[in-house]
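# Overview (structure and organization)
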Amino acid sequence: MAAAGSVRAALQVAEVLETVVSCCLGPEGRQVLCTKPTGEVLLSRDGGRLLKALHLEHPIARMMVACVSSHLRKTGDGAKTFIIFLCHLLRELHAITDKEKDSFFSENIQTHGRHWKKCCQWKFISQALLTFQTQILDYVMDHYLGRHFLSIFSSSTKERPLCRSSLEMLLGAYFCGRVGRNNHNFVSQLMCEYFFKCTACESGFEEVLELVDDCFVELKVGVTGLPVSDSRIIAGLVLPRDFSVYCPADGDIRIVIVIETIQPLFSTFGSEFILNSEAQFQTSQFWITERTKAIMKYLQKQNVKLLLSTVKQPDLVIYCAGLNGISVVECLSSEELSLIQRVTGLAPFVVPQASSQYELSNTAMVKFCKPFILRSKRYVHLGLISTCSFTPHCIVLCGPVQGLVEQHEVALHGAFKMLRQLFKDLDLNYVTQAGDQNCTSSPLIYKNSRESNDLPEIVNGSIQRPYQDTVVKNKDELAKTQTYLEAYSNLVVPSVELETNILCSTPTVTLTDTYQTDATLRCFSPDKAGIMDDHEPFIESNSANSTTEYTRREISYENLQVTKNARKGSMLPVRHKSLEMCTSQSYCFSSVPAGCVLPVGGNFEILLHYYLLSYAKKCQRSEEIMVSMIIANALLGVPKILYKSKKGNYSFPQIYIRALHSLQTNQPMISNQTGLESVAGKYQLLTSVLQCLRNILTIDSVINIKRQPQEIYDQDSEEEL
Amino acid sequence: MSRLEAKKPSFCRSEPLTSERVRATLSVLKGIVTSCYGPAGRLKQLHNGLGGSVCTTSQSAALLANLPVTHPILKILTTSVQNHVSCFSDGGLFTAILCCNLVENVQRIGLTPTTVIKLNKQLLSLCTSYLKSEACGCRIPVNFSSTQILLCLVRSILTSKPACMLTTKEVDHISTLILRAFLLTIPENAQDHIILGKSIIVPLKHQRVIDSTVLPGILIEISEVQLMKILPIKKSDSFKVALFCVSLSGDLSDTGEGNVVVSYGVSLENAVLDQLLNLGRQLVSDHVDLVLCQKVIHPSLKQFLRTHHVIAVDRVGVAVMEPLSKVTGTRPIGSLDSISPSSYGSVKELCTAKFGFKHFFHLIPNETAVCSLLLCNRNDTAWDELKLTCQTALHALQLTIKEPCVLLGGGCTETHLAAYIRHKTRSEPEGILRDDGCTQTELQLIAEAFCSALESLAGSLEHDGGEILTDGKYGHFWSVQADSPSVVNWPDLLSRCGCGLYSSQEELSWSFLRSARLPFVPQTCLPCKATDSAGNLTLDCFTAKLSGLQVAVETANLILDLSYVIEDKN
């Protein structure tokens with residue numbers, strides 16, 4: 001209930017989860033067997049799935065799982081590492097705060113009760129973590145780690161040709177953590193082969209990845225009862241149903257898609273058909289039959305050989321199709337339909353109203369269409385001719401039990417998601433500090449949501465960090481409606497009056513002096529009383545401290561959206577000018593380029609650990625040092641588990657010492673591992689974990705409600721767990 | 001909307017295999033499957049205390065389908081065996097026993113799962129590549145010019161299912177029938193790729209097994225009343241057939257989503273009946289002799305057809321629709337109005353027949369790729385068992401056509417394979433280990449576990465307390481009766497090896513299977529004359545056994561790899 005044990009409780013929970021997930025981590029990881037309430041058995045090494053299967057009750061555990069699943073939705077990888085890293089962070093925090101709580105925070109917390117004292121302490125740490133995440137992490141990534149990055153592309157030209165062997169190594173490492181030990185090589189080779197077979201041209205792989213990721217369910221066929229080694233790739237598309245009628249045809253085959261029954265019906269929805277006589281009934285039936293025949297005849301005249309239907313067609317249609325040599329496949333799902341449409345660009349056939357003579361426009365060609373037998377079950381095999389860069393292929397996944405087949409499916413799907421992430425640039429932005437001036441910055445984050453107030457944060461921040469400069473980073477959302485700067489990249493507008501941003505339907509940007517005193521702060525006040533109120537403690541707290549002088553306030557725009565702005569022209573000079581003026585601080589907007597990888601086996605963790613430690617040595621402020629140290633130490637948790645079973649030269653201490661030595665002497669790091677992993681994925685994982693940790697730290701009490709969940713939102717959160 | 005209820009937390013157990021309970025349940029399952037194995041296997045009677053029929057069986061398909069298992073690990077094992085059986089019909093018990101043996105043996109060693117799994121996989125690939133190679137000493141190529149080997153294969157399958165309750169004579173009879181039924185499904189004019197026909201098993205319970213028979217064409221069961229109504233069939237060389245998939249009962253099919261309003265006094269029934277009779281007239285004028293309908297034919301239409309000497313048979317069911325349309329060459333008709341003449345088909349002969357108490361309508365087509373196997377057995381359970389066995393045998397024959405070779409049965413393949421692996425792991429361990437980071441000692445340990453799993457699998461063929469021997473030349477399987485004298489001259493006691501390929505007249509340095517033996521090089525490459533001359537071999541389906549081996553090892557690896565079991569109790 002109480003927050004007193006918040007970190008301790010979280011640590012306990014995380015440790016339990018860690019023991020479960022750490023057994024599945026890395027190439028030495030083992031399988032977990034999950035049973036469903038229906039009695040089915042599932043094999044899994046997927047952290048996210050395991051955490052979900054546990055159906056945890058503990059509120060903190062549920063929150064962690066929710067964080068993990070939101071991370072997974074983004075990246076599709078790293079659930080196990082998430083938990084392990086989080087657990088180590090909590091462990092470090094626990095150890096440090098136990099030791100230092102009185103010495104470190106004493107001046108802040110004298111007047112508070114013990115409970116609130118702790119809360120403040122967590123709050124403080126959480127704030128420091130945020131600072132770390134926004135400045136130090138990106139800075140270290142860009143400046144130090146960047147030089148170690150390898151690329152998955154074989155050259156850095158614009159076409160970015162994919163390097164096959166690198167991709168194989170990347171996938172190999174990915175599947176090491178996802179599927180059983182005896183199968184990961186096979187599955188990763190299968191995936192690699194599949195990827196290259198589907199990619200028609202070198203450049204279109206992003207489109208291919210997107211399509212495969214979206215439609216993966218339709219592109220795989222699971223078969224149980226056969227050994228895994230029987231899995232294979234087949235050209236074309238396989239639909240899990242039999243032909244309703246099959247007429248063999250050679251050469252290129254013309255197909256149409258229908259989404260309604262071809263046979264006209266007596267009455268449509270909302271209409272009434274009045275039968276007055278038997279003769280009328282008979283003539284209507286006759287007309288229906290004749291009409292159906294005419295349509296099928298028309299299709300045959302247009303040389304259509306295959307009819308794909310999303311609905312069940314009446315017997316008469318099937319019969320007529322057979323007579324006209326048209327094969328029919330019925331009951332296509334909407335997903336299958338959309339896949340076929342994406343590949344061929346084919347629009348559904350509209351049944352012509354009058355007996356039509358004109359050419360049929362909505363057709364596509366297939367190379368072949370034939371029955372395909374897998375494990376004495378019949379499938380439809382279509383050789384679609386693609387109009388995009390995706391060449392259709394299917395994966396047949398075999399396995400002795402359904403659970404294993406499913407595991408491979410999930411792993412393959414995750415791998416496509418991971419590749420999709422890998423080929424995106426990852427933006428880094430941070431503030432660098434110039435050494436020559438005293439005015440070091442400690443940015444105050446001003447999260448500007450539409451309601452525009454996260455002000456408690458500002459207050460807290462200002463209490464805890466009484467530094468000379470504050471930078472207000474104006475986050476994206478407000479900016480949408482407001483004055484807007486068309487940005488290429490790094491946009492810094494110092495001394496833009498904040499009022500214009502908050503109020504404004506008619507924004508005016510006035511350039512004031514860079515070195516401004518309190519005047520800037522006052523800019524807030526005339527317009528918004530609420531904000532004014534919130535800022536009062538800010539001022540007070542600062543004045544309570546010895547540093548009363550505000551030398552500068554900067555507003556930087558983060559995440560500016562590229563929108564066309566009429567005022568572009570007038571704004572730009574401002575930007576340039578301001579850049580010239582603030583030379584002491586530079587805001588770097590850099591990025592981890594797409595396709596950046598590092599060797600597996602804790603390389604990223606050890607590198608970041610090393611550079612964070614060296615950063616901490618240079619750093620002067622105690623809380624930055626503390627946070628850097630905590631994170632640096634926690635990072636080692638993952639490689640420690642990875643090398644747990646290794647002995648001798650490959651044990652963790654040995655690897656660690658060797659790595660440190662080579663880093664100190666500027667030699668290249670030698671890795672005994674052959675796999676690669678995505679840097680962006682690791683980076684995103686790190687930020688997600690830090691965010692989750694901040695969530696945990698900022699909770700002061702858990703209120704237990706014993707009532708049936710009523711809102712629909714509750715159901716959603718249930719699903720996440 | 002249903003009430004929302006919080007999910008109960010799951011139950012999580014670590015290292016499931018170390019628990020005593022799991023080991024006990026695994027060994028119970030192993031006991032059940034082992035005791036069923038082979039021609040001398042014991043039968044299991046499965047009966048549900050709440051009702052339902054009693055099932056007497058020794059087949060994995062029937063056994064595992066009726067045996068409820070609760071522990072997730074057993075569930076993995078049984079579903080994996082069941083999936084194998086549904087793919088290959090044969091080799092279910094083989095797979096189950098081998099998997100249990102492997103798990104048990106490997107656990108005893110206590111190496112880390114990583115090593116075990118890696119090495120098991122290496123040994124498996126050693127086995128599969130050996131079995132697939134030409135030099136394999138336990139594989140016989142099938143010569144399709146004689147039925148000898150195929151007949152042996154069918155007979156081995158029949159004898160290995162004791163719950164069919166067949167005498168030797170009956171086994172001979174049924175195996176010839178099965179082989180004949182299979183041969184009838186091969187189309188006469190073979191093109192590039194053969195599409196096999198179908199043999200339909202027709203049940204005829206409570207008859208003597210000897211009365212079973214195979215007929216070309218299709219048998220449609222009809223009631224005695226129906227039979228009375230069928231007029232004597234006139235003689236002709238060919239009968240025109242119309243096959244309907246649409247209902248001829250006069251029901252009004254889908255009228256759409258809107259309403260259909262019928263004015264007072266309008267009788268749709270009459271309208272539809274008129275339509276049906278028109279159809280009847282067209283059929284008559286097209287000189288159709290036989291009308292078959294998947295669904296129901298309206299009595300008036302039936303009557304109409306009868307008066308015009310057209311035979312009408314309805315309710316044939318969807319199952320026989322495909323073979324019927326194949327046999328007669330008809331296109332199933334889905335229209336009531338006009339029928340294209342190209343939709344009609346024909347049969348060579350039509351007759352009624354009586355087998356046991358049942359009346360059948362027999363369609364003999366011009367070209368036979370479909371046949372009916374009338375299967376008789378004394379009681380229901382024995383018949384069910386026999387039917388399963390026949391299906392297994394037919395499937396095995398189909399698989400043999402695809403992969404024209406068979407494996408030696410009677411335990412000889414297992415012992416031979418074990419001898420081969422022992423020899424390979426001793427003589428060239430480097431080739432097997434490659435760069436896996438495993439030591440030779442680990443390889444020896446795992447190979448021993450693997451081989452003894454194979455050998456105890458072979459040993460489970462013996463249920464009567466006899467001793468199992470193996471020879472030092474071929475590595476085959478020999479069994480001795482239980483109460484044999486202790487001081488023995490082996491050639492006198494032994495007659496032939498398990499598969500029947502070798503006789504004891506040769507001097508073959510026998511030793512007990514359980515005892516420690518020196519590894520030797522089992523003779524590879526079967527002598528040709530041996531396979532030709534041997535009259536009565538015990539054989540196994542190659543594809544099924546190979547896949548069973550792979551599935552068993554893969555499943556064992558899966559089970560050994562488990563570190564947690566999470567049970568969702570919702």
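Rules of the game
Residues numbered from 1 in each chain as written. Chains lettered and ligands numbered in written order. Predicted model: local features only at pLDDT ≥ 70, side-chain atom pairs only at ≥ 80, totals over all residues. Heavy atoms only, no water. UniProt positions renumbered as here; feature names shortened; annotations may be inferred. Helix = DSSP H or I, 4+ residues; strand = E, 2+ residues; numbered from the N terminus. Buried < 20%, exposed > 50% of the residue type's maximum accessible area, 1.4 Å probe, protein only. Contact = heavy atoms within 4.5 Å. Areas by Shrake-Rupley, 256 points an atom, 1.4 Å probe, with all protein chains shown as cover. Core = buried A, V, L, I, M, F, W, Y, C linked by side-chain atoms within 4.5 Å. Axes fitted to C-alpha atoms, helices over the stretch in contact; angles between N-to-C directions. Parallel < 35°, antiparallel > 145°, perpendicular 65-115°, else oblique. Left-handed = near helix turned anticlockwise from the far one by under 90°. Nonpolar A, V, L, I, M, F, W, Y, C, P; charged D, E, K, R; others polar. Pairing = 2+ DSSP bridges.

Per an unreviewed UniProt entry, chain B carries the name Molecular chaperone MKKS and comes from Phocoena sinus. Comment text from UniProt for chain B, heading Function (unreviewed entry), reads "Probable molecular chaperone that assists the folding of proteins upon ATP hydrolysis. Plays a role in the assembly of BBSome, a complex involved in ciliogenesis regulating transports vesicles to the cilia. May play a role in protein processing in limb, cardiac and reproductive system development. May play a role in cytokinesis." For the record of chain B, the UniProt heading Sequence similarities (unreviewed entry) holds the text "Belongs to the TCP-1 chaperonin family."

As annotated in an unreviewed UniProt entry, chain A is BBSome complex assembly protein BBS10 from Phocoena sinus. Note on chain A: under the UniProt heading Function (unreviewed entry), the record states "Probable molecular chaperone that assists the folding of proteins upon ATP hydrolysis. Plays a role in the assembly of BBSome, a complex involved in ciliogenesis regulating transports vesicles to the cilia. Involved in adipogenic differentiation." The Sequence similarities (unreviewed entry) field of the UniProt record for chain A holds the comment "Belongs to the TCP-1 chaperonin family."

## Some thoughts on the overall build of chain B
Assigned secondary structure in chain B consists of 18 helices and 21 strands. Dimensions of chain B along its principal axes, counting C-alpha atoms only, are 90 × 70 × 45 Å. Counting every position in chain B, which comprises 570 residues, the buried fraction comes to 54%. For chain B, the share of sequence-separated contacts (at least 6 apart) that also reach a separation of at least 24 residues comes to 75%. In the structure as shown, chain B presents an accessible area of about 25,000 Å², 53% of it carried by carbon and sulfur atoms.

## Some details on the nonpolar core
Of all hydrophobic cores here, the largest spans 203 residues; its most connected members are A:Phe175, A:Leu419 and B:Ile174. Residue contacts for B:Ile174: discarding those within four places in its chain leaves B:Leu158, B:Leu166, B:Val209, B:Ser212, B:Leu375, B:Leu386 and B:Cys390. Counting 96 residues, the second largest nonpolar core, distinct from the first, contains A:Ile60, A:Phe82, A:Leu129 and A:Tyr643.

## So, the packing of helix H6 (residues 148-159) of chain B against helix H7 (residues 168-184) of chain B
All names here are of chain B. Contact pair H6 / H7: the axes reach a minimum separation of 9 Å and the direction vectors enclose 125°. Judged on the interaxial angle alone, H7 and H6 are oblique. Here H6 runs over H7; the crossing is right-handed. Two secondary-structure elements touch here, H6 through Leu150, Leu151, Val154, Arg155, Leu158 and Thr159 and H7 through Val171, Asp172, Ile174, Ser175, Thr176, Ile178 and Leu179. Split into classes, the residues belonging to the contact of H6 with H7 amount to eight nonpolar, three polar and two charged.

## Focus: the sheet that holds strand E13 (residues 349-355) of chain B
All names here are of chain B. In space, the three strands of this open sheet follow the order E7-E14-E13, with antiparallel pairing throughout. Where the open sheet ends on each side, the last strands, each with one partner, are strand E7 (218-222) and E13. For this sheet the average axis-to-axis angle between neighbouring strands, irrespective of direction, equals 30°. Strand direction decides the pairing type here: E13 and strand E14 (residues 358-364), joined by seven bridges, are antiparallel.

## With respect to the packing of helix H6 (residues 164-176) of chain A against helix H7 (residues 184-198) of chain A
Residue and element names in this part refer to chain A. At a minimum axis separation of 9 Å, H6 and H7 run at an interaxial angle of 135°. By the angle between their axes, H6 is oblique relative to H7. The handedness of the crossing between H6 and H7 comes out as right-handed. Across from Arg164, Leu167, Glu168, Leu171, Gly172, Phe175 and Cys176 in H6, the residues of H7 making contact are His184, Val187, Ser188, Met191, Cys192, Glu193, Phe195 and Phe196.

## Quick word on the side chain of B:Glu455
One can find B:Glu455 in helix H15 (residues 440-459). If we ignore the near neighbours within four places in the chain, the residues touching B:Glu455 are B:Ala418, B:Arg422, B:Leu513 and B:Arg517.

## Points about the pairing of strand E8 (residues 272-275) of chain A
Side-chain direction in a regular strand flips from residue to residue, so the side chains alternate between the two faces of the sheet. The alternating pattern of E8(A) places A:Phe273 and A:Leu275 on a buried face, while none of A:Glu272 and A:Ile274, on the opposite face, is buried. Here four bridges tie E8(A) to strand E9 (residues 259-262) of chain B, and the two strands are oriented parallel to one another. The partner of A:Ile274 across the bridge, within E9(B), is B:Val261.

## Some thoughts on the environment of B:Ala271
Position of B:Ala271 relative to the elements: it lies in helix H9 (residues 268-285). Taking relative accessible area as the criterion, B:Ala271 reaches 0% and is therefore assigned buried. Separated by 67 residues in sequence, B:Ala271 and B:Leu204 have C-alpha atoms that sit 43 Å apart. When near neighbours in sequence (up to four residues on either side) are disregarded, B:Ala271 contacts A:Glu278, A:Phe281 and A:Gln282.

## Brief notes about the sheet that holds strand E18 (residues 477-480) of chain B
All names here are of chain B. An order of E18-E17-E19 is seen for the three strands of this open sheet, with the pairing classed as antiparallel. Of all the strands in the sheet, just E18 and strand E19 (511-512) have a single pairing partner and so form its edges. Examined bridge by bridge, strand E17 (residues 467-470) and E19 share two bridges and lie antiparallel to one another. The partner of Thr470 across the bridge, within E19, is Ser511.

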